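Here are the chains, one letter per residue:
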Amino acid sequence: APIRNGRGTKYKVLEAMAAKTPVVTTGLGIEGIDAVNGESVLLAESPKDLADKAIAVLTNQVLAKKLADNAKRLIIQKYSWSVISKRLDRIYQTLGEN
């Protein structure tokens, strides 16, 4: 996800992580997502670094599996609908009290 400009949600990155697809992206590409470089994604900024890290994922099955497994775990723990809906419910409950 070589995202260099734009705002808003990063659905394509979240969807890839949920599908256990290893992600190589820019800092902007995971802005707002609690991913850790080298654990659940690989970060790169220059075109060469993006290409090098993509090649590393494609040629290193251990790295690809580690990134994919950690990304899926992150999605389940922080971005699944059950987690998000509980957070929203707490917000609505708080707003309803005022």
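Since this is a predicted model, take the numbers as computed values, not measurements.

1. Things to note about the pattern of salt bridges
Per the counting criterion, the structure on display carries six salt bridges. Across the pair glutamate 39 and lysine 66 runs a salt bridge whose closest N-O atoms are separated by 3.6 Å. With glutamate 39 in the loop between β1 (24-25) and β2 (42-43) and lysine 66 in helix α3 (residues 61-79), this residue pair connects regions lying 27 residues apart in the sequence. One connected set of salt bridges, linked through shared partners, spans Lys20, Lys65 and Asp69.

2. Examining the packing of helix α2 (residues 47-59) against α3
The relative placement of two packed helices comes down to the angle between their axes together with the axis-to-axis distance. Axis separation between α2 and α3 bottoms out at 5 Å; the angle between their running directions is 100°. With respect to α3, the axis of α2 lies roughly perpendicular. Touching Ala56, Val57 and Thr59 of α2 are Gln61, Leu63, Ala64 and Leu67, all from α3. Within the contact of α2 with α3, the residues separate by chemical class into five nonpolar, two polar and no charged.

3. A look at the side chain of serine 40
Considering the arrangement of structural elements, one finds serine 40 in the loop between β1 and β2. Excluding its chain neighbours within four sequence positions, the residues that come into contact with serine 40 are Met17, Ala35, Leu67, Asn70, Ala71 and Leu74.

4. Regarding the packing of helix α1 (residues 11-18) against α3
As a packed pair, α1 and α3 sit with axes 7 Å apart at the nearest point and diverge in direction by 115°. The orientation of α1 relative to α3 falls into the category roughly perpendicular. In this structure, α1 contributes Leu14, Met17 and Ala18 to the contact, and α3 contributes Ala71, Lys72, Leu74, Ile75 and Tyr79. Class assignment for the residues of the contact of α1 with α3 results in seven nonpolar, no polar and one charged.

5. Re the environment of leucine 50
With respect to the element layout, leucine 50 can be found in helix α2. Measuring from C-alpha to C-alpha, the distance between leucine 50 and threonine 25 comes to 7.1 Å, with 25 residues separating the pair along the chain.

6. Side note on the nonpolar core
Within the largest apolar cluster, 13 residues are counted, with the highest numbers of intra-cluster contacts made by Met17, Ile33 and Ala35. Look past the residues within four positions of methionine 17 in its chain and what remains in contact with it is Val23, Ile33, Ala35, Ser40, Val41, Ala71, Lys72, Leu74 and Ile75. Listed in part, the eight residues of the second largest apolar core include Val24, Leu42, Val57 and Ala64.

7. A few points about a nonpolar patch on the surface
The grouping of Leu88, Ile91, Tyr92 and Leu95 at the surface amounts to a nonpolar patch, some 410 Å² of accessible area in total. Along the chain, tyrosine 92 falls in helix α4 (residues 81-97). Look at tyrosine 92 and you get exposed, because its relative accessible area is 53%.

Here is what the cut-offs are and how they apply
- Residues numbered from 1 in each chain as written.
- Predicted model: local features only at pLDDT ≥ 70, side-chain atom pairs only at ≥ 80, totals over all residues.
- Heavy atoms only, no water.
- Salt bridge = Lys/Arg side-chain N within 4 Å of Asp/Glu carboxyl O.
- Helix = DSSP H or I, 4+ residues; strand = E, 2+ residues; numbered from the N terminus.
- Axes fitted to C-alpha atoms, helices over the stretch in contact; angles between N-to-C directions.
- Parallel < 35°, antiparallel > 145°, perpendicular 65-115°, else oblique.
- Contact = heavy atoms within 4.5 Å.
- Nonpolar A, V, L, I, M, F, W, Y, C, P; charged D, E, K, R; others polar.
- Core = buried A, V, L, I, M, F, W, Y, C linked by side-chain atoms within 4.5 Å.
- Buried < 20%, exposed > 50% of the residue type's maximum accessible area, 1.4 Å probe, protein only.
- Patch = residues over 30% accessible without salt bridge, like charges linked within 9 Å, V, L, I, M, F, W, Y side chains within 5 Å.
- Areas by Shrake-Rupley, 256 points an atom, 1.4 Å probe, with all protein chains shown as cover.

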